[in-house]
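Listed here are the chains, written in short residue letters.
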Amino acid sequence: MEFSIKNGNPEKQRVDCVIVGVFEGRKLTDSAKILDTVSNKAISAVLKSGDMDGKLNTSLVLHHVAEIASGRVLLVGLGKQAEFSERNYRQAVRAAIKALPKGVASASIFLTELDIKKSDIHSKVAQMVEVVMDTTYQVNAIKAKKAEPKALNKIAIHVAKSENTQAEAAVKYGLALSAGVSFAKDLGNLPPNICTPTYLGEQAKKLAKTYGFKIEVLDKAQIEKLGMGSFLGVAQGSVEPPRLIVLQHLKGKKTQRPVVLVGKGITFDTGGISLKPGAEMDEMKYDMCGAASVLGTFRAIGEMKLAINVIGIIPTCENMPDAGAIKPGDILTSMSGQTIEVLNTDAEGRLILCDALTYAERFEPSAVVDIATLTGACVIALGNHPSGLFSNKDALAHELLAAGEKSHDRAWHMPLWQDYQHQLDSNFADMANIGGRAGGSITAACFLSRYAKKYDWAHLDIAGTAWKSGKEKGSTGRPVPLLTTFLVQRAQKVK
Ligand code: BES
Ligand code: MN
Ligand code: ZN
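Every value quoted in this text rests on a predicted model; they were computed, and no experiment measured them. By convention here, each chain's residues receive numbers from 1 onward along its written sequence. Chains and ligands are labelled sequentially in the order written, the chains with letters from A and the ligands with numbers from 1. Owing to the predicted nature of the model, reporting of local features is limited to residues with pLDDT of at least 70; listing and counting of side-chain atom pairs is limited to 80 or more, with chain, interface and lining totals taken over all residues. The side-chain figures draw on all heavy atoms in the structure; neither hydrogens nor water molecules are used.

**Thoughts on helix H14 (residues 480-494)**
Inference 1: Working definition: helices are DSSP H or I runs of at least four residues, strands are E runs of at least two. Numbering for both runs from the N terminus. The span you would expect from a helix comes to 1.5 Å times its residue count less one. Counted at 1.5 Å a residue, the expected span for H14 with its 15 residues is 21 Å, and the 21 Å between its end C-alpha atoms agrees.
Inference 2: All of the buried residues along H14 are Val480, Pro481, Leu482, Leu483, Thr484, Thr485, Phe486, Leu487, Val488, Arg490 and Ala491. Burial here depends on accessible area, computed with a 1.4 Å probe over protein chains only, as a share of the maximum for the residue type. Under 20% is buried, over 50% is exposed, and the range in between is partly exposed.

Shown next, in the form of structure tokens:
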């Protein structure tokens, strides 16, 4: 998609479609008013006919309106003017793009003129780019006949002349973020026979070459040397060899302690010997979306050349049932020395993450954030809207919550109280790997907290947000917007 920043009047744009907004109650925005005036009230006449009322998620295409250079005008509903917000703005942009007729290759959008509380031109333009890219994303489906791509390839975002510089920068920012989101989506959507731990390692290497990251991809022998008995326990049930990916984006001052991102990279989760039921098991190919979000975030900050030090750590393997697989009752020794009684082989995410968290200590991080499709219980608790956020440091939690609000990729703060820790007690090892049904997402976080004592740490449970089920099945690219925004705001602070 090609984006440009333009000024100029809506009636004069020689494009396939001009997009303007209408508030509920048929209230025209300034640009819609201009079109109405030059067309001798053609717009208000259509609205009066009752075909469109300005409600959110409604739209109407008009063809060959008198005195308007563009062949089509798309009216998009904005909802109640008094309630107009960034959320409604994003929804309107989404609805407009979805409603564009098939033949439209170029469009001019007149929506940044709208006043939104607590927003500015940078945010409005960047979000427009992000929403357009999100809406027009196409899965690289593996079909004999390739789907025909949509015609839409040029979008002009109209702003006031005085806003040009900021708007140009915002397009770049939005495109960088979207590149990260698309990359995460692509990886998540790949079938698990292609997206293996080896494949993820290769993708990370490619990314490192493009953006100048330092990279190491450790193989099984190297992981053994590190003493990652817990991670290797999960990996031992599969013929696919595990990988530990370590990426370094070092664009901050030498003395600046890095932020470490740790991503769960289970490329397929059958549950292991504690086998999952068959229904929808295919969705467990998304169990590497934590890893994908780390790679996606690296792509975004690489594009931005963000002045900050960030390390990415990705433990990746399959969770398979096999003669060699771990069994319920097995005891594993983690890299930290703490021992773990495996009571359920399906609670494997925490088993690979705990060793990665111990590995993170060597970077003397200013903060560590792990991202994982960790528990079904998190989906039961929060549904599919926010990611679950747990942290041993309130200040860090609040930074992440704010980044989520700003990027419309929200998280919800969950408790990590001492009260839950005893649910992990084991008679045979330092801890069990499950804590019973009550508060399942919390006891999973409690487990991880035992490996994150040496630094400020937060955990994002993205089981409900990383992909969509049903008709629109597919990876969402979340929480790349949250993580990227978090890093951008940190980079501004430590400057
Ligand atoms: N990858 C799953 C979590 C998951 C389940 C994500 C469903 C999205 C949808 C994880 O490895 C898992 O299986 N967790 C178990 C933990 C339980 C055995 C304590 C779960 O949530 O059922
Ligand atoms: Mn599992
Ligand atoms: Zn899993």
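That was the structure; now back to the text.
**Some points on the coordination of the zinc ion (ligand 3)**
Inference 1: Taken together, Lys264 (NZ), Asp269 (OD), Asp287 (OD) and Glu348 (OE) make up the protein donors of the zinc ion (ligand 3), found 2.0 to 2.4 Å from the metal.
Inference 2: Counted as coordinating are nitrogen, oxygen and sulfur atoms within 2.8 Å of the metal, or 3.2 Å for Na, K and Ca, while water is not included, which may make sites look incomplete. Under the classification used here, a metal with four donors is tetrahedral if each angle lies between 85 and 135 degrees, square planar if opposite donors are over 155 degrees apart and the others between 65 and 115, a six-donor metal meeting that same test is octahedral, and anything else is irregular. Considering all six donor atoms around the zinc ion (ligand 3), angles at the metal cover 79 to 175 degrees and the coordination shape is octahedral.
Inference 3: Mapped onto the sequence, the donors of the zinc ion (ligand 3) take the spacing K-x4-D-x17-D-x60-E.
Inference 4: Taken as a pair, the zinc ion (ligand 3) and the manganese ion (ligand 2) lie 3.2 Å from each other and share Asp269 as a ligand. Of this pair, Lys264 sits in the loop between strand E10 (259-263) and strand E11 (265-269) while Asp287 sits in the loop between E11 and helix H9 (289-304), placing them 23 residues apart in sequence.
Inference 5: Assessed through its relative accessible area of 2%, Lys264 is described here as buried.
Inference 6: A residue is classified by how much of its surface remains accessible, and Asp287, at 2% relative accessible area, is buried.

**Overview of the nonpolar core**
Inference 1: Here, the term nonpolar core denotes a set of buried Ala, Val, Leu, Ile, Met, Phe, Trp, Tyr and Cys residues that are joined through side-chain atoms within 4.5 Å. The biggest cluster of nonpolar side chains holds 93 residues, and the ones touching the most others in it are Ile157 and Leu261.
Inference 2: In terms of residues, this core owes the most to one element, helix H5 (residues 164-189), which gives nine residues.
Inference 3: Looking at this core, you find at least three residues from each of domain 1 (2-159) and domain 2 (179-493).
Inference 4: Among the nonpolar cores identified, the runner-up in size contains 49 residues, and Ile311, Cys354, Met431 and Ile442 belong to it. Each domain span listed reflects an automatic or database assignment of domains.

**Thoughts on the pairing of strand E9 (residues 243-250)**
Inference 1: The buried fraction of E9 is high, at seven of eight residues.
Inference 2: Between any two strands, pairing holds if DSSP finds at least two bridges. Note that E9 and strand E12 (residues 309-319) share eight bridges and pair antiparallel. Its bridge partner lying in E12, Leu247 is registered against Gly312.

**A few points about the packing of aromatic side chains**
Inference 1: Whether two aromatic rings pair depends on their centres lying within 6.5 Å, for rings of Phe, Tyr and Trp, where Trp uses its six-membered ring; planes under 30 degrees apart make the pair stacked, over 60 edge-to-face, and the rest tilted. In total, this model carries seven aromatic pairs according to the counting rule given.
Inference 2: Seen in terms of ring centroids, Tyr286 and Trp467 are 5.0 Å apart; in terms of plane orientation they differ by 15 degrees. Their pairing is stacked. Here Trp467 lies in strand E20 (residues 467-468) and Tyr286 lies in the loop between E11 and H9, a separation of 181 residues in the sequence.
Inference 3: Look at Tyr359 and Phe363: their rings are 6.0 Å apart centre to centre, the planes differ by 70 degrees, and that puts the pair in the edge-to-face class. Phe363 carries the same exposure label as Tyr359, and that label is buried.

**Side note on the site of ligand 1**
Inference 1: For each residue, the test is whether any non-hydrogen atom lies within 4 Å of the molecule or strand; if one does, the residue is near. The local shell around ligand 1 holds 16 residues, among which Lys276, Asp287, Asp346, Glu348 and Gly376 are the closest.
Inference 2: The backbone of Gly376 places a nitrogen or oxygen atom 2.7 Å from an oxygen atom of ligand 1.
Inference 3: Note on areas: these come from Shrake-Rupley sampling with a 1.4 Å probe, and a residue is covered only by the protein chains present in the view. Coverage of ligand 1 by the protein amounts to 76% of the 510 Å² it exposes when considered alone.
Inference 4: Charged residues are taken to be Asp, Glu, Lys and Arg, nonpolar residues to be Ala, Val, Leu, Ile, Met, Phe, Trp, Tyr, Cys and Pro, and polar residues to be all remaining types, Gly included. Per-class residue counts for the shell around ligand 1 are five nonpolar, four polar and seven charged. Think of a polar contact as two N or O atoms within 3.5 Å of one another; within protein, one of them needs to be a possible hydrogen donor and the other a possible acceptor, and neighboring residues in sequence only count if both atoms come from side chains.

**Examining unusual backbone geometry**
Backbone phi values are negative for most residues with the exception of glycine, while trans is the configuration of most peptide bonds.
Inference 1: Arg478 connects to Pro479 through a cis peptide bond whose omega is 0 degrees.
Inference 2: Mapped onto the secondary structure, Pro479 falls in the loop between strand E21 (474-475) and H14.
Inference 3: Although it is not a glycine, Asn57 sits at a positive phi angle of roughly 70 degrees.
Inference 4: Along the chain, Asn57 turns up in the loop between helix H2 (42-48) and strand E4 (59-63).
Inference 5: Since its relative accessible area comes to 46%, Asn57 is described here as partly exposed.
Inference 6: Positioned with a positive phi, His64 is a non-glycine residue whose angle comes to about 45 degrees.
Inference 7: You can see His64 is positioned in the loop between E4 and strand E5 (72-77).

**So, the sheet that holds strand E18 (residues 431-432)**
Working definition: the strands of a sheet are paired by backbone hydrogen bonds and lie parallel or antiparallel to each other.
Inference 1: One open sheet holds the three strands; their spatial order is E13-E14-E18, and the pairing between them is mixed. In this open sheet, the two strands that pair with only one neighbour each are strand E13 (331-333) and E18.
Inference 2: In the sheet, strand E14 (residues 339-341) pairs with E18 via two bridges, with the strands oriented parallel. Opposite Glu341, over in E18, you have Ala432 as the bridge partner.

**Comments concerning helix H6 (residues 197-211)**
Inference 1: Compared with an ideal rise of 1.5 Å per residue, which puts 15 residues at 21 Å, H6 spans 21 Å between its outermost C-alpha atoms and is within 8% of the ideal.
Inference 2: Taken together, the buried positions of H6 are Pro197, Leu200, Gly201, Gln203, Ala204, Leu207, Ala208 and Tyr211. Looking straight down H6, one finds that the buried residues subtend no more than 165 degrees of arc, so they occupy a single side. Facing away from the buried side of H6 by over 90 degrees, the exposed positions are Lys206, Lys209 and Thr210.
Inference 3: Contact criterion: two residues are considered in contact whenever any of their non-hydrogen atoms come within 4.5 Å of each other. For H6, the elements touching its buried residues are H5, strand E8 (214-218), E9, E11, H9 and E12.
Inference 4: A positive backbone phi angle near 75 degrees is found at Gly212, which sits one or two residues after H6. Here, the arc refers to the directions that run from the helix axis to the C-beta atoms.

**Details of the coordination of the manganese ion (ligand 2)**
For a metal bound by four donors in tetrahedral geometry, the ideal donor-metal-donor angle is 109.5 degrees, whereas six donors in octahedral geometry ideally sit at 90 or 180 degrees.
Inference 1: Coordination sphere of the manganese ion (ligand 2), protein contribution only: Asp269 (OD), Asp346 (O), Asp346 (OD) and Glu348 (OE), at 2.1 to 2.2 Å.
Inference 2: Metal-centred angles of 70 to 167 degrees between the six donor atoms at the manganese ion (ligand 2) mark the site as irregular.
Inference 3: In primary sequence terms, the donor set of the manganese ion (ligand 2) follows D-x76-D-x1-E.

**Examining the domain arrangement of the protein**
The accessible area lost on association of the parts is a frequent measure of interface size.
Inference 1: Domains assigned within the protein are domain 1 (2-159) and domain 2 (179-493).
Inference 2: When each unit is reduced to the centre of its C-alpha atoms, the spacing between domain 1 and domain 2 is 38 Å.
Inference 3: Counting residues at the interface gives nine residues for domain 1 and 10 residues for domain 2.
Inference 4: Accessible surface is computed with a 1.4 Å probe, and the buried area is the amount of it that two parts give up when combined, taken over both parts together. Buried surface at the junction of domain 1 and domain 2, both sides included, amounts to about 800 Å², of which 45% is carbon and sulfur.
Inference 5: For the domain 1 face of the interface with domain 2, the top three residues by lost area are Arg90, Tyr137 and Ile142, together amounting to 49%.
Inference 6: We define a salt bridge as a side-chain nitrogen of Lys or Arg found within 4 Å of a carboxyl oxygen belonging to Asp or Glu. Between the two partners, domain 1 and domain 2, sit one salt bridge.
Inference 7: The closest approach of N and O atoms between Lys185 and Asp134, which form a salt bridge, is 2.5 Å.
Inference 8: Taken together, the links from domain 1 to domain 2 amount to four residue pairs in polar contact (both at pLDDT 80 or more).
Inference 9: Among the secondary structure elements, those contributing two or more residues to the side of domain 1 that touches domain 2 are helix H3 (86-99) and helix H4 (121-136).
Inference 10: Top contributing element to the side of domain 1 that touches domain 2 by residue count: H3, with three residues.

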